[in-house]
Every structure is written in structure tokens, then in C-alpha cells.
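Notes for the structure review
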Amino acid sequence: MSVDRKRLIIEGATKSFSLFGYKATTMDQVAKIANVGKGTIYTFFKNKEELFDEIISTLISEMKSEADEAIDPELPFHENVHRALYKILEFRKQHQLTIKLFQEEKEMGTPAVLEVMARLENAIIHYVKEKVIEAIKKGEIQACDPELTAFIMLKLYVSLIFDWEKGHEPLEKERIAKIFEQYVFKGLSV
């Protein structure tokens, strides 16, 4: 019974954060959406921050699972990193909560949201860093700074998927893969 209530609270809070953002979400709203008493929320979570943290931890796990599902051990590293990053960013772009958090980050700069967005980015960088380390060990790519490489890969993807679309037609997934391969793995030298 208590697991069901906790699940209801998390679902209600996710819905509230997705609709109203972090700053505008109250524990009263969460209780109402979850159809539980406000006191019930406090039996599971000390405060809004702890509840938000639980939701973000789950979100990060879901993003990693999506990325893992996109990886095919038969494919070369550059294709797998493309598939994983694309899947993660597609997930972020389509998930209602992350959409609202991006909006709140840009419009209000809410400190808790800025912190969460940094946490999401760091989780993605860490995930890609681990894949880079594996690729170096397998001899698929040359030795490099894995964290810096993961950072560059993520930022290139974000630029191609989100920033490019601000003033241009969205790029096809295959085109992004080719650009990524050209700039990151082949270089521009002839």
C-alpha cells in the first residue's frame, strides 16, 4: 500500500513539475494531483527538493536505459555513440518534464532547476565518458581525455539538434551522424 502511495506521489509530482515547473509547484498541488493527503507526502519525502531529486534520479536512469538500448555491440564506436547521444537528446526533447525544465531554466534561472540541468548534463557526459574509455581500451579510438571528449561530443550534438534548428530546417538523424563522424572522427584534413 505504501509503495503505491509513494508511486502516486512521484507521478503526481512529475505531472505538476511538468505542467507548472519547479518553482510554481507546491506540495498542495502534488497532493491534489496524486489524490493523497499532504501529510502522506511528508512520510516519504522531507520536502519538495527531495521529491524533485527522486524524480530526476529516475529520469537519469531512464535516459541511460534508452541510450543502452540504442547501442549495438556489432557496430563501431562512432555509430554507437551517435545512436546513444541521439537517443538521449531525443528523450530530453520529447519528455514533458525536461521540456518544462529547459523553459524554466531559460526564463527564470531558478537555482534548483539550474542545478538539476547541470546534473543531467553531467550524467550524460559521465555516460559518454565511460563509452569513450571502453573504446580507447578496445583500440577503436586513439588515446584522448575521455571527459573532455564526452563533453565535446555532447555539445556538438546539442548544437546540431537544438541550436541549429533555431534558424534552419532540422537536420535528419543520418545527416547528424555523418557530420558527427566527419568532425569528430575523421577531421577536416584532406
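Residues numbered from 1 in each chain as written. Predicted model: local features only at pLDDT ≥ 70, side-chain atom pairs only at ≥ 80, totals over all residues. Heavy atoms only, no water.

**Description of the overall build of the protein**
Note the cut-off: For helices the rule is a DSSP run of H or I covering at least 4 residues; for strands it is a run of E covering at least 2, with both sets numbered from the N terminus onward. Relative accessibility thresholds used throughout: buried, under 20% of the residue-type maximum; exposed, over 50%; partly exposed, between the two (1.4 Å probe, protein chains only). Here the accessible surface of atoms and residues is derived via Shrake-Rupley with a 1.4 Å probe, and residues count as covered only by protein chains that are part of the display.
Along the protein, the regular secondary structure elements total 9 helices and 0 strands. Principal-axis analysis of the C-alpha atoms gives the protein an extent of 65 × 35 × 25 Å. Buried positions account for 37% of the 190 residues belonging to the protein. Of the roughly 11100 Å² of accessible surface on the protein, a fraction of 52% belongs to carbon and sulfur atoms.

**Remarks on the confidence of the model for the protein**
This is how the line gets drawn: For every residue, the pLDDT score states the predictor's confidence, bounded by 0 at the bottom and 100 at the top.
Taken over all residues, the pLDDT of the protein has a mean of 90, while the share at 70 or more is 98%. By mean pLDDT, the top-scoring element of the protein is helix α2 (residues 27-34) (94), and the lowest-scoring one is helix α6 (residues 96-107) (84).

**Re the side chain of Arg-92**
Counted only if it meets this: Neither His nor the chain ends contribute to the count of charged residues, in which Lys and Arg are positive and Asp and Glu negative. A pair is scored as a salt bridge if a Lys or Arg side-chain nitrogen falls within 4 Å of a carboxyl oxygen belonging to Asp or Glu. Contacts: residue pairs with any heavy atoms within 4.5 Å of one another.
When you line up the elements, Arg-92 lands in helix α5 (residues 77-94). The charged side chain of Arg-92 is buried without a salt bridge, its nearest counter-charge being Glu-121 at 5.7 Å. Not counting chain neighbours up to four residues away, the residues in contact with Arg-92 comprise Met-63, Thr-98, Ile-99, Phe-102 and Ile-124.

**Overview of the packing of aromatic side chains**
Note the following rule: Any two of the Phe, Tyr and Trp rings considered here, Trp counted by its six-membered ring, make a pair once their centres fall within 6.5 Å; the pair's planes then place it as stacked at under 30 degrees, edge-to-face at over 60, or tilted in between. Charge-over-ring placement is defined geometrically: NZ (Lys) or CZ (Arg) within 6 Å of the ring centre, and within 35 degrees of the ring normal.
The tally for this structure, following the rule as stated, stands at 7 aromatic pairs. Measuring from ring centre to ring centre gives 4.6 Å for Tyr-22 and Phe-52, while their planes differ by 45°; the resulting arrangement is tilted. One end of the pair, Tyr-22, is in helix α1 (residues 2-24); the other, Phe-52, is in helix α4 (residues 48-70), and 30 residues separate them in sequence. The interplanar angle of 50° and the centroid separation of 6.1 Å between the aromatic rings of Phe-102 and Phe-162 together place this pair among those described as tilted. On the criterion of sequence distance, the pair formed by Phe-102 in helix α6 and Phe-162 in helix α8 (residues 146-163) is long-range, its members being 60 residues apart. Since its relative accessible area comes to 21%, Phe-162 is described here as partly exposed. Here a set of aromatic residues connected by ring pairs shows up, and it is made of Phe-77, Tyr-157, Phe-180 and Phe-185. The residue whose ring lies beneath Lys-48 is Tyr-22, and the NZ or CZ to ring-centre distance is 4.3 Å.

**So, the environment of Gln-96**
Counting through the fold element by element, Gln-96 comes out in helix α6. The spacing of Gln-96 and Ala-143 is 47 residues in sequence and 38 Å in space, taken between C-alpha atoms.

**Considerations on the nonpolar core**
To keep it simple, the criterion reads: Definition used in this section: a nonpolar core is a set of buried Ala, Val, Leu, Ile, Met, Phe, Trp, Tyr and Cys residues joined via side-chain atoms within 4.5 Å.
Counting residues in each nonpolar core, the largest one holds 54 residues, and the members touching the most others are Leu-51, Ile-56, Leu-85, Leu-101, Val-128, Met-153 and Tyr-157. Only α1, α2, α4, α5, α6, α7 (111-137), α8 and α9 (173-186) provide two or more residues apiece to this core. Considering every element that reaches this core, the biggest residue donor is α7, with 11 residues. Non-local contacts of Leu-85, meaning those with residues more than four positions away in its chain, are made with Ile-124, Val-128, Met-153, Leu-154, Tyr-157 and Phe-180.

**Some details on unusual backbone geometry**
Here the phi dihedral of Asn-35 falls at roughly 60°; this positive angle occurs in a residue that is not glycine. Positionally, Asn-35 belongs in the loop between α2 and α3 (38-44).

**A short note on α8**
How we decide: Expected helix span is computed as 1.5 Å times (number of residues minus one). Residues adjacent in sequence count toward polar contacts only when both atoms are side-chain atoms; beyond that, a polar contact is any pair of N or O atoms within 3.5 Å, and within protein one must be able to donate a hydrogen and the other to accept it.
With 18 residues, α8 should cover 26 Å at 1.5 Å per step; its first-to-last C-alpha distance of 24 Å lies within 8% of that length. Inspection of α8 places Pro-146, Thr-149, Ala-150, Met-153, Leu-154, Tyr-157, Val-158, Leu-160 and Ile-161 among the buried residues, and these make up the whole buried set. Next to the buried residues of α8 lie α5, α7 and α9. At the N-terminal boundary of α8, the capping side chain belongs to Asp-145, with an oxygen 3.1 Å from the backbone nitrogen of Glu-147.

**Structural notes on the pattern of salt bridges**
As a working rule, side chains carrying opposite charge can pair if their charged atoms are close by. Counted according to the given criterion, the structure contains 8 salt bridges. Ionic pairing is found between Glu-50 and Lys-46, a salt bridge with its closest N-O pair at 3.9 Å. Accessibility expressed as a relative area gives 66% for Lys-46, which makes it exposed. Note that Asp-53 is salt-bridged to Arg-119, the shortest N-O span being 2.4 Å. With Asp-53 in helix α4 and Arg-119 in helix α7, this residue pair connects regions lying 66 residues apart in the sequence. Overall, the relative accessible area of 28% leaves Arg-119 in the partly exposed class.

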